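Analysis of the macromolecular model
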Number of protein chains: 2
Amino acid sequence: MAHMPVTERRTRLLSAAFEVIARSGVSGATTRAIVDEADMKLASFHYAFESREDLLAQLVDVVVDTQEVVLGIPADTAGGLRELLERGLLSYFDQVRANPLHERAMFELTQYALRTPSMAGVAERQYGRYRALAEASLREAAARTGCAWQTPVPELAADLVALTDGITLAWLADGDDERAHRTIAFAARALAAEATPDPSPRPHFPRNKPLPGADSDVSANEHAETMETS
Amino acid sequence: MAHMPVTERRTRLLSAAFEVIARSGVSGATTRAIVDEADMKLASFHYAFESREDLLAQLVDVVVDTQEVVLGIPADTAGGLRELLERGLLSYFDQVRANPLHERAMFELTQYALRTPSMAGVAERQYGRYRALAEASLREAAARTGCAWQTPVPELAADLVALTDGITLAWLADGDDERAHRTIAFAARALAAEATPDPSPRPHFPRNKPLPGADSDVSANEHAETMETS
DNA sequence: ACGCAACTGGGACGATTGACCCAGTCGCTG
DNA sequence: CAGCGACTGGGTCAATCGTCCCAGTTGCGT
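Residues numbered from 1 in each chain as written. Chains lettered and ligands numbered in written order. Predicted model: local features only at pLDDT ≥ 70, side-chain atom pairs only at ≥ 80, totals over all residues. Heavy atoms only, no water.

This next bit is on helix α1 (residues 6-28) of chain B. A rise of 1.5 Å per residue sets the reference length of α1(B), with its 23 residues, at 33 Å; its end C-alpha atoms lie only 24 Å apart and thus fall more than 12% short of the reference. Along its length, α1(B) shows its largest kink, about 95°, at Ala22(B). Those residues of α1(B) lying buried are Arg9(B), Leu13(B), Leu14(B), Ser15(B), Ala16(B), Ala17(B), Phe18(B), Val20(B), Ile21(B), Ala22(B), Gly25(B) and Val26(B). Against the buried residues of α1(B) lie α6 (100-115) of chain A together with α2 (31-37), α3 (42-48), α4 (52-65) and α6 (100-115) of chain B. (Helix = DSSP H or I, 4+ residues; strand = E, 2+ residues; numbered from the N terminus. Expected span 1.5 Å × (residues − 1). Bend = angle between axes of the 7 residues up to and from the residue. Buried < 20%, exposed > 50% of the residue type's maximum accessible area, 1.4 Å probe, protein only. Contact = heavy atoms within 4.5 Å.)

What follows deals with the UniProt feature "DNA-binding region" (unreviewed entry) in chain A. When the UniProt feature table is mapped onto this chain numbering, "DNA-binding region" (unreviewed entry) sits at residues 30-49 of chain A. Taken end to end, residues 30-49 of chain A comprises 70% helix and 0% strand; its first and last C-alpha atoms sit 13 Å apart. (UniProt positions renumbered as here; feature names shortened; annotations may be inferred.)

Below, the discussion takes up the pattern of salt bridges. Pairing is possible between side chains that carry opposite charge, provided their charged atoms lie close to one another. Per the stated rule, a full pass over the model turns up 31 salt bridges over all chains. Between Arg182(B) and Glu178(B) there is a salt bridge, with its nearest N and O atoms 2.6 Å apart. Placement of both Arg182(B) and Glu178(B) in helix α9 (residues 177-192) is noted, with a separation of four residues, approximately one turn of the helix. Of the residues examined, Arg182(B) reaches a relative accessible area of 21% and is grouped as partly exposed. Through salt bridges that share partners, Arg131(A), Asp174(B), Asp176(B) and Arg179(B) make up one connected network. (Salt bridge = Lys/Arg side-chain N within 4 Å of Asp/Glu carboxyl O.)

Moving on to the relation of the copies chain A and chain B. Once turned by 180° and shifted 0.0 Å along the axis, chain A lies on chain B with an RMSD of 0.1 Å. The two molecules are tied by a two-fold rotation axis, judged by turn and shift. Looking at the interface residues of chain A, 86% of them are also at the interface in chain B, so both copies use one shared face. (Least-squares fit on C-alpha atoms with pLDDT ≥ 70 in both.)

Below, the structure written as structure tokens:
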């Protein structure tokens, strides 16, 4: 393989490692699997990194610092706060659905960091970043619609992160797009209820409806309108 | 070690495996680590199970079927629906906090099932069970307070599962009890808003406040039991 | 052009892994 | 109480793991 400065080799190995982790988990990310994915020789690994743990630690660092998957608050201001949040959540969900392996790798790395004593605090930093990103989105959404949050935004950011995490985890497990869409609608309702009603004329009383744009199958299966307190 | 029927040996090995997974992850649950935890000899492993994968598959099965960690809806009906839900969530959270390793092992097993082709559908079944348990709790809470859900309960169950998952994951990462309590309060508010207001005199308009008992009490019910898979 | 440091290739090592084998021992049944 | 099937113990195997070593090769500064 062609010569290559160490720094670029490091970068490529980190990317390859992430790829392998997404596919086979952290335990499957052996030094040989990583260099194979990066199309390198085994010796190059220990020339670029001191050890496998060294690479893993740097990977977590990089991944946490470059995390950008967030609500994409739409530019157009059509609709009220609730609708804006819902579209932002749908945009996030589309990212997840487009690349499920990415989220799986993130969860995998989080758990690895959680059970590795030498990486104590990394998971905490990761969630701090999630919350910061969520907070920015919430502020933007409120500003865009002229609403004001009635709950401290950092607190709402934690709520939003919990919701997106929960939605993502459930979807990774069952792959049910429609259910995810319904939960997203619920999340948007719940968050919008924490702000002053937007000044638009719309009387915000959005009972959830079949969500146009969801896949056509799955339809009326477990959606019985009869619930009641058994 | 003393003689022992295969069935009991299997049970013990499953428990030991769960313990090891909680401590060291699935990848750390080697045959030797498991038999060591169970205080057995290595040969007993392959006498009780065909292979390591066999044990893991059976463990996931057992764990999914015996999952019982849910909202403990309190027996006393003091307070409205929102308060009842909040206390139920706090009860769940106490279980998690009393034994964080249990939840970590559950996430670990879910991810293992997710990336193991031969176990396709197990994660889906797991979340189906979560939803069923959540649905039962929601119905109970509504019945207890005389409220009626205005959204299909199976749908709300998915929302509740997403919330608890998100809360749990965030707490496992940062260990922030107070933040978890705030998110729980948010979750209770959000869910209660999906029901008809309870007939009690209280005009439910709970802007959140500094949470008077957030850090010290919560000790209504403390089961620091062993978790166990049996 | 030249030399030296940066980099590569291939092999090797010890440790650990899942799996297996088989001679021995236990304990129930008849 | 005798015997046979159920069970145990300890050793062994090939495969794979992380890590290391070192003789070669490349490319850059001078």
